[in-house]
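Examination of the molecular architecture
Single-letter residue listing:
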Amino acid sequence: MNKKMNLLSFCPLSLILITIFCLINPAFSRGGEYTFDIPGRRLLDDYPDKPSIDLTRGYMSNADLENAIMAFGERCSNISRVYSIGRSVNGFPLWVIEISDNPGREEPEPAFKFIGNVHGDEPVGRELLIRLANWLCDNHVTDPLAKLIVKNVHLHLLPSMNPDGYALRKRGNAKNVDLNRDFPDQFFAMNDLEDIRQPETKAIMRWSQRIQFTASASLHGGALVANYPWDGTQNKKREYYASPDDEAFRLLASVYSHSHYNMSMSKDFPGGITNGAAWYPIYGGMQDWNYIHAGCFELTLEISDNKWPNATELSTIWEYNRMSMLNVVATTVKTGVHGRIFSSDTGRPLPASIKIKGINQTVNAGRLFADYHRLLLPGVKYQVTASTPGYKSKTTTIFLEEEATTADFILEPETTNVGQILDTGCHCSGNNRNRLEVGDILAHPQMEVSLVVVVALAFILLLYRRKLCFSLPKHRQIAGSKRPTVV
Ligand SMILES: *[C@@H]1O[C@H](CO)[C@@H](O)[C@H](O)[C@H]1NC(C)=O
Ligand SMILES: *[C@@H]1O[C@H](CO)[C@@H](O)[C@H](O)[C@H]1NC(C)=O
Ligand SMILES: [Zn+2]
């Protein structure tokens, strides 16, 4: 669109800087070992005691960032909320901006998180996340993609996971720990002791257990590529090591690289994406932990060859990444299979788990609304199974077209012990927000009645759908996968 304009806005000095940094091996941002014989990195990594003023000019300090987050929260209070997930070693709050049409309220929608500045000396991400928040605030009424995100996603932005490292202009946190090596690992017994884990890491882990993120991305610098799991291999060899969801990850990473100004044109990485272990294996990383322990599809995005580019380039880098950031968030809504799970006896949401035949990974439904959001590939047929202890599992076959598909499940109890089932089905005593939501839909004040009506409606819809399929085979072929399924 305005690529030419952006190119022209580069000053010659920036071009020279970029050229210099292009010569540097890209493998340092997720954190290859420090190699001190690489020119150009010394300034950033080896001399934190002699910070270059030029380096920070135009970048927000931690205090500036905090002010920018608070100012955003006030300016856009109708679609956002600001909260903290903990504090850094030096006591700086880890501020998060949540963007949604119902910020702070749980809804049956996917949640996405962006994490910037994991490495203190990679500050571009924190600047881009503030820009992303403000752009969404300014455009969500008019721009369809911004509108879709605000309406259908809960987007959480943590501009800086490592404010102490940023202040010291170094990779690790105040204790010199690389936060992207501080998570429990699937292959090796490391970082398993909670009391020696860094507070920044602990905060991310608690956060991921409190909010069920469908997908996420952390922002790094030092290369230009979208990196996906696994990051490590069992044998420590550098080789492609596919996760159970390799195809979905490749899709998500490609959405980023192909929406980017030129990431997909990379010479080092075909399509601008890479399997982490095929690039260089790391252990204790945040990305693999998210997928394994939080069921969250996380990417590690390297968004600029230069870790700390001149601040005059930030606007251009933002423009290069804007569509990527929007599209990768929107992917959690626009593709895959989504739905809710109810129990047949009470009609209440049943937080069951979802498995796909042939993919050894479980995605759990949300605790309150029992909504699930599962990334899958368009153009593929899948068998989706919902199951939870005490209920009979159900399986349905879906064929995904370009758009997302809905499949709701109504599970029947295994036993006739009603009292026991009620206990299992309702995790919401003293909190009837989920029932309120059902009541809202029907505009019916009496919630108990509404629940019965909803179950009845679901069955009627199911019958109606079957009838439609029977009498209108052509129609079904066209719109088939987009029509909601109730199983
Ligand atoms: C992308 O564009 C930037 C700015 O023009 C340039 O420095 C970089 O080398 C390009 N990268 C690729 C992979 O084309
Ligand atoms: C599925 O994954 C789990 C670990 O998440 C592993 O223990 C198990 O062996 C895997 N099953 C298959 C069939 O690969
Ligand atoms: Zn990094």
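This write-up is about the structure you can find in this document. Counting starts from 1 at the beginning of each chain's written sequence and moves along it residue by residue. Numbering of ligands from 1 and lettering of chains from A proceed in the order in which they are written. Selection of residues for local features in this predicted model requires a pLDDT of at least 70, selection of side-chain atom pairs for listing and counting requires 80 or more, and totals for whole chains, interfaces and linings are taken over all residues. Here the side-chain values reflect all heavy atoms present in the structure, with hydrogen atoms and water set aside.

1. Observations regarding the overall build of the protein chain
Each helix is a run of DSSP H or I of at least 4 residues and each strand a run of E of at least 2, with the numbering of both proceeding from the N terminus. The number of helices and strands found in the protein chain is 17 helices and 16 strands. Here the protein chain holds 487 residues, and the buried ones make up 55% of them. Whether two residues are in contact is decided by their heavy atoms, any of which lying within 4.5 Å being enough. Restricting the contact set of the protein chain to residue pairs at least 6 apart, pairs at least 24 apart contribute 72%. The rule is simple: take the accessible area with a 1.4 Å probe, protein chains only, and divide by the maximum for that residue type; under 20% is buried, over 50% is exposed, in between is partly exposed.

2. Section: the nonpolar core
Counting 61 residues, the largest nonpolar core has Ile99, Phe114, Leu132 and Leu155 as the members making the most contacts within it. Those residues within four positions of Ile99 in sequence are excluded, and the remaining contacts are Phe72, Ile79, Ser80, Ala133, Leu136, Val150, Val153, His154, Leu155 and Leu157. Membership of the second largest hydrophobic core comes to 22 residues, among which are Ala352, Ala386, Phe409 and Leu411. The nonpolar core is taken to be a set of buried Ala, Val, Leu, Ile, Met, Phe, Trp, Tyr and Cys residues, with the residues joined through side-chain atoms within 4.5 Å.

3. Here we look at the side chain of Asp185
Its location among the elements puts Asp185 in the loop between helix H8 (163-168) and helix H9 (199-210). The charged-residue count follows a simple rule in which Lys and Arg add positive charge and Asp and Glu add negative charge, with His and chain termini not counted at all. Salt bridge, as used here, is a side-chain nitrogen of Lys or Arg placed within 4 Å of a carboxyl oxygen of Asp or Glu. Of the side chains with opposite charge, Lys236 comes closest to the buried, unpaired Asp185, at an N-O distance of 8.4 Å. One polar contact links the side chain of Asp185 to the main-chain amide nitrogen of Phe187, over a distance of 2.8 Å. Polar contact is the term for a pair of N or O atoms within 3.5 Å; when the atoms are in protein, one must be able to donate a hydrogen and the other to accept it, and sequence-neighboring residues count only if both atoms are side-chain atoms. Within the structure, the side chain of Asp185 is placed 2.8 Å from the backbone nitrogen of Gly284, a separation counted as a polar contact. Contacts of Asp185, omitting those with residues within four sequence positions, involve Met190, Tyr283 and Gly284.

4. Some remarks on the sheet that holds strand E16 (residues 485-486)
Two strands make a pair as long as DSSP finds a minimum of two bridges between them. Read across the sheet, four strands follow the order E12-E9-E15-E16 without closing on themselves; strand pairing throughout is mixed. Both edges of this open sheet fall to strand E12 (371-374) and E16, since each of them pairs with a single strand only. Here strand E9 (residues 337-343) runs beside strand E15 (residues 405-411); their pairing, made up of five bridges, is parallel. Residue pairing across strands places Val337 opposite Thr405, the latter belonging to E15.

5. Observations concerning the side chain of Thr331
Tracing the backbone through its elements, the reader meets Thr331 in helix H13 (residues 314-334). Thr331 gets classed as buried once you look at its relative accessible area, which sits at 6%.

6. Considerations on the sheet that holds strand E8 (residues 297-304)
With mixed pairing, the eight strands of this open sheet are ordered in space as E1-E2-E4-E3-E5-E8-E6-E7. The sheet is open, and its two edges are formed by strand E1 (80-87) and strand E7 (273-275), each paired on a single side. When strand polarity is set aside, the average angle formed by the axes of neighbouring strands in this sheet is 25 degrees. Of the pairings in the sheet, the one linking E1 to strand E2 (residues 93-99) comprises six bridges and is antiparallel in character. Residue pairing in the sheet places Arg81 in a bridge with Glu98 of E2. Lines fitted to C-alpha atoms define the axes here, with helix axes fitted over just the stretch in contact, and angles between the N-to-C directions of these axes take values from 0 to 180 degrees.

7. Re the packing of helix H6 (residues 124-139) against H13
Between H6 and H13, the shortest axis-to-axis distance is 10 Å and the interhelical angle comes to 65 degrees. Like other packed secondary-structure pairs, H6 and H13 cross with a definite hand, here right-handed. Residues Val124, Glu127, Leu128, Leu129, Arg131, Leu132, Trp135 and Leu136 of H6 lie in contact with H13, whose contacting residues are Leu314, Ser315, Ile317, Trp318, Asn321, Arg322, Met325 and Leu326. Residue polarity follows a fixed list, in which Ala, Val, Leu, Ile, Met, Phe, Trp, Tyr, Cys and Pro are nonpolar, Asp, Glu, Lys and Arg are charged, and the others, Gly among them, are polar. Here the residues of the contact of H6 with H13 sort into eleven nonpolar, two polar and three charged. What makes a crossing left-handed is the near helix being turned counterclockwise from the far one by less than a right angle; a clockwise turn instead makes it right-handed.

8. Notes on the state of the cysteines
Here, the term disulfide refers to a pair of cysteine sulfur atoms separated by no more than 2.5 Å. Taken as a whole and assessed by the stated rule, the structure comprises one disulfide. The residue that forms a disulfide with Cys76 is Cys137, at a sulfur-sulfur distance of 1.9 Å. The chirality of the disulfide connecting Cys76 with Cys137 is left-handed, given an S-S dihedral of about -95 degrees. You can see Cys76 sitting in the loop between helix H5 (62-75) and E1 and its partner Cys137 sitting in helix H6, a full 61 residues away along the chain. Owing to a relative accessible area of 0%, Cys76 belongs among the buried residues under this scheme. Cys137 gets classed as buried once you look at its relative accessible area, which sits at 12%.

9. Examining helix H7 (residues 144-152)
Every buried residue of H7 is listed here: Leu145, Ala146, Ile149 and Val150. Taken down its axis, H7 places every buried residue within 130 degrees of arc, on the same side. In this fold, the buried residues of H7 make contact with E2, H6, strand E4 (154-158) and H13. Put simply, Asp143 is the residue that caps the front of H7, since its side-chain oxygen is 3.0 Å from the backbone nitrogen of Leu145. Here the arc refers to the set of directions running from the helix axis out to each C-beta atom.

10. Description of the pairing of strand E13 (residues 381-387)
In E13, alternate side chains face the same way, and those of Tyr382, Val384 and Ala386 are buried while those of Lys381, Gln383, Thr385 and Ser387 on the opposite face are not. Sheet analysis places strand E10 (residues 353-356) next to E13, joined by four bridges and oriented antiparallel. In the sheet register, Ile356 faces E13, and the bridge partner there is Val384. Pairing analysis gives six bridges linking E13 to strand E14 (residues 394-399), with the strands arranged antiparallel. Among the inter-strand pairings, Lys381 is bridged to a residue of E14, identified as Phe399. Hairpin remark: E13 followed by E14, antiparallel, with six residues in the connecting loop; positive phi at Gly390, about 90 degrees.

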